[in-house]
Amino acid sequence: MQIVRHSEQTLRTALISKNPALVSQYKNLDAGEQRLMNEALQPASDLFGPIILHSRSDWITSHPEPAQDFEEFFSDPYRRTPSPEKCSIYIQCIGHILKFLKKRKPEDAFCVVGITMIDLYPRDSWNFVFGQASLTDGVGIFSFARYGNDFYSSHYKGKVKTLQKKSSSDYSIFDNYYTPEVTSVLLLRSCKTLTHEVGHIFGVRHCQWLACLMQGSNHLEEADRRPLNLCPICLRKLQCAIGFKIVERYKALVKWIDDESADTPGVTPKHSREDNVNLPKPVEAFKEWREWIIKCLAVVQK
Ligand SMILES: [Zn+2]
Ligand SMILES: [Zn+2]
């Protein structure tokens, strides 16, 4: 096990930068927001810890890539920024998305992400990929097939046995597809992947600073270790891209966890339906994260 520990100075530069304009932008944030983000510089912070590598197959060791600090994010000429006209993130089940994308993105779409329970990488020779996003087009597609507890059992019914060539108007392969039980762990893993990939669409690259949602992950065990929250450096990037009050964001996240889903509890449909919006919302696995947000809210609102 290896701890990736950066000096306070390195983290300060990554978070605040040395560019005078970005320093003054930082100084203009709410006092509470700065107090929270400055936790990144505290080696003993109980809110933001270092990245811990468990093996050589972990992402950082196996995929060397340049680290992106706030200034590099800010000045990235290829970064897409939402505008008042294009500010919606659409999440579509895949049966719909192919038809949907064929026409065009809705007028107000900043990005469109497709989700499916079908394993999109069914061959053993393919590397295990959680999802992929096209940064420039604002389109991503993700399979949650491997997130259920039953994926690695031989009984898993969601595997595509043969990839058949279909005419472009025939999407029947995606119809009436098996949906595994929506467990709390599956929901947590899916939320991690979706928010990580949408982060990429906003131009946030893999985080090498602190334990963070935006850390790369090479395998499911590493993805499970990655927290659902952003470190302060990535949080500042997202805030810069979208523009939100950190307090409001954290409160909205707590509200999402606390809100009951509107459907009948305990009922998981056997087959997916394209218009199925009444899936259960088991949030037990989010409880620890909820506690963490409450602590952060206390720091911001002190
Ligand atoms: Zn990634
Ligand atoms: Zn980060």
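Residues numbered from 1 in each chain as written. Chains lettered and ligands numbered in written order. Predicted model: local features only at pLDDT ≥ 70, side-chain atom pairs only at ≥ 80, totals over all residues. Heavy atoms only, no water.

Looking at an unreviewed UniProt entry, one finds the protein named Archaemetzincin-2, with Rousettus aegyptiacus as its source organism. Among the UniProt annotations of the protein, the heading Cofactor (unreviewed entry) holds the following wording: "Zn(2+)". UniProt's Function (unreviewed entry) comment on the protein is quoted here verbatim: "Probable zinc metalloprotease." (UniProt positions renumbered as here; feature names shortened; annotations may be inferred.)

**With respect to the overall build of the protein**
Helices and strands together make up the secondary structure of the protein, namely eleven helices and six strands. In the protein, which comprises 302 residues, the share counted as buried stands at 47%. As displayed, the protein has an accessible area near 16,100 Å², and 55% of this comes from carbon and sulfur atoms. (Helix = DSSP H or I, 4+ residues; strand = E, 2+ residues; numbered from the N terminus. Buried < 20%, exposed > 50% of the residue type's maximum accessible area, 1.4 Å probe, protein only. Areas by Shrake-Rupley, 256 points an atom, 1.4 Å probe, with all protein chains shown as cover.)

**Observations concerning the coordination of the zinc ion (ligand 1)**
The coordination sphere of the zinc ion (ligand 1), as far as protein atoms go, consists of H196 (NE2), H200 (NE2) and H206 (NE2), spread over 2.0 to 2.1 Å. Mapping the donors of the zinc ion (ligand 1) onto the primary sequence gives the spacing H-x3-H-x5-H. Residue classification places H200 among the buried positions, given a relative accessible area of 12%. (Donors = N, O, S within 2.8 Å, 3.2 Å for Na, K, Ca; no water.)

**Regarding the nonpolar core**
Among the nonpolar cores identified, the biggest contains 63 residues, and L36, Y250 and F286 are the most heavily contacted of them. When sequence neighbours within four positions are dropped, the list of residues in contact with Y250 reads L36, L235, W292, I293, C296 and L297. (Core = buried A, V, L, I, M, F, W, Y, C linked by side-chain atoms within 4.5 Å. Contact = heavy atoms within 4.5 Å.)

**Overview of the coordination of the zinc ion (ligand 2)**
Only C207 (SG), C212 (SG), C231 (SG) and C234 (SG) from the protein reach the zinc ion (ligand 2) as donors, at distances of 2.3 to 2.4 Å. In terms of primary sequence, the donors binding the zinc ion (ligand 2) are separated according to C-x4-C-x18-C-x2-C.

**Thoughts on the packing of helix α1 (residues 8-15) against helix α9 (residues 232-242)**
Running from amino to carboxyl end, α1 crosses α9 at an angle of 10 degrees, the nearest separation of the two axes being 9 Å. Classified by the interaxial angle, the pair formed by α1 and α9 is roughly parallel. Along the contact surface, α1 presents L11, A14 and L15, while α9 presents P232, I233 and R236. Of the residues contributing to the contact of α1 with α9, the split by class is five nonpolar, no polar and one charged. (Axes fitted to C-alpha atoms, helices over the stretch in contact; angles between N-to-C directions. Parallel < 35°, antiparallel > 145°, perpendicular 65-115°, else oblique. Nonpolar A, V, L, I, M, F, W, Y, C, P; charged D, E, K, R; others polar.)

**Observations regarding helix α10 (residues 246-258)**
The end-to-end C-alpha distance of α10, which contains 13 residues, comes to 18 Å, matching closely the 18 Å that a straight helix rising 1.5 Å per residue would cover. Of the positions making up α10, those classed as buried are I246, V247, Y250, V254 and I257. One side of α10 carries all its buried residues, which in axial view fall inside an arc of 105 degrees. Seen from the buried face of α10, the exposed residues on the opposite side, beyond 90 degrees, are E248 and K255. The inward-facing, buried residues of α10 abut α3 (31-38), α9 and α11 (287-300). (Expected span 1.5 Å × (residues − 1). Arc of directions from axis to C-beta.)

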